Amino acid sequence: QKEVEQNSGPLSVPEGAIASLNCTYSDRGSQSFFWYRQYSGKSPELIMFIYSNGDKEDGRFTAQLNKASQYVSLLIRDSQPSDSATYLCASTNSGGYQKVTFGTGTKLQVIP
Amino acid sequence: EPEVTQTPSHQVTQMGQEVILRCVPISNHLYFYWYRQILGQKVEFLVSFYNNEISEKSEIFDDQFSVERPDGSNFTLKIRSTKLEDSAMYFCASRDRVANQPQHFGDGTRLSIL
């Protein structure tokens, strides 16, 4: 069973701090990695995606990928209360149709 | 920005009845997917669809489920005889032809089986 693992949290950080979310995956053939934000009862909303080793930055968000360690992370700088949500780590398989495998999500709480 | 649209937003059905969940993917996308999320659980892959046929399906997607693209815009998920355990959020997603690009998700249909 190909899995994506995340700590379910909750992860609590004060407003303005850096939130660090981590994820590991078991399928070495995974191609691309995604971070989705999901508010309760809503659909996943894409935050970042990465498919090369290293860092990728977009505004307050930085995704990091280490394929050797099978590890993906998301850093949120200057965390805001509106960032409070569940963050889903996901990967696509090596097949052409690229279904997405999701982790269980980490609940982030940003304390004002 | 183009988006994936799903209807209805909430469907309530008696156990044993058939339901059809509808999706309009982004117009130039070629790959289509259905996922489900049971309350409090993770998002699970159901099926992928490309070139008018199923390309991959999960163990969840048994004979009770079917998908169809009846015209150039709609993509439907049918559950033939619903069970209580089919109660979940169902998400449609689509992606364009370029590899490694993210899937875009619709807002979901909440299916409640009574």
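Structural data are supplied above this passage.
Residues numbered from 1 in each chain as written. Chains lettered and ligands numbered in written order. Predicted model: local features only at pLDDT ≥ 70, side-chain atom pairs only at ≥ 80, totals over all residues. Heavy atoms only, no water.

Here we look at the pattern of salt bridges
For the structure on display, the rule yields seven salt bridges over all chains. Here B:K42 makes a salt bridge to A:E3, at a shortest N to O gap of 3.4 Å. Separated into two different chains, B:K42 in the loop between β4 (31-37) and β5 (44-50) and A:E3 in the segment before β1 (4-5) make up a pair that spans both. Residue classification places B:K42 among the partly exposed residues on the basis of a relative accessible area of 26%. (Salt bridge = Lys/Arg side-chain N within 4 Å of Asp/Glu carboxyl O. Helix = DSSP H or I, 4+ residues; strand = E, 2+ residues; numbered from the N terminus. Buried < 20%, exposed > 50% of the residue type's maximum accessible area, 1.4 Å probe, protein only.)

Details of the interface of chain B and chain A
Each side of the interface is counted separately: chain B has 23 residues, and chain A has 23 residues. Summed over both sides, the interface of chain B with chain A buries roughly 1,900 Å², with 54% coming from carbon and sulfur. For the pair chain B and chain A, the number of links is two salt bridges. The interface formed by chain B and chain A includes six residue pairs in polar contact (both at pLDDT 80 or more). Sorting the residues of the side of chain B that touches chain A by element identifies β4, β5, β6 (53-57) and β9 (88-95) of chain B as the ones contributing at least two each. (Contact = heavy atoms within 4.5 Å. Buried area = accessible area lost by both parts, 1.4 Å probe. Polar contact = N/O pair within 3.5 Å; in protein donor to acceptor, adjacent residues only side chain to side chain.)

Section: the sheet that holds strand β8 (residues 75-79) of chain B
All names here are of chain B. A sheet is described by the order of its strands in space; here four strands give the open sequence β1-β3-β8-β7, paired in antiparallel fashion. Across the chains shown, the open sheet's two edge strands, defined by having one partner strand only, are β1 (5-7) and β7 (65-68). Going from strand to strand, the sheet's axes swing by 20° on average, the running direction of each strand aside. (Pairing = 2+ DSSP bridges. Axes fitted to C-alpha atoms, helices over the stretch in contact; angles between N-to-C directions.)

Some details on the pairing of strand β11 (residues 106-111) of chain A
All names here are of chain A. Side chains T106, L108 and V110 of β11 all project onto a buried face; the interleaved residues K107, Q109 and I111 project onto a face where none is buried. Across four bridges, strand β2 (residues 11-14) lies against β11 in parallel orientation. Bridge pairing in β11 links P14 to I111. Here strand β9 (residues 85-92) runs beside β11; their pairing, made up of three bridges, is antiparallel. If you follow A85 over to β11, its bridge partner there is L108.

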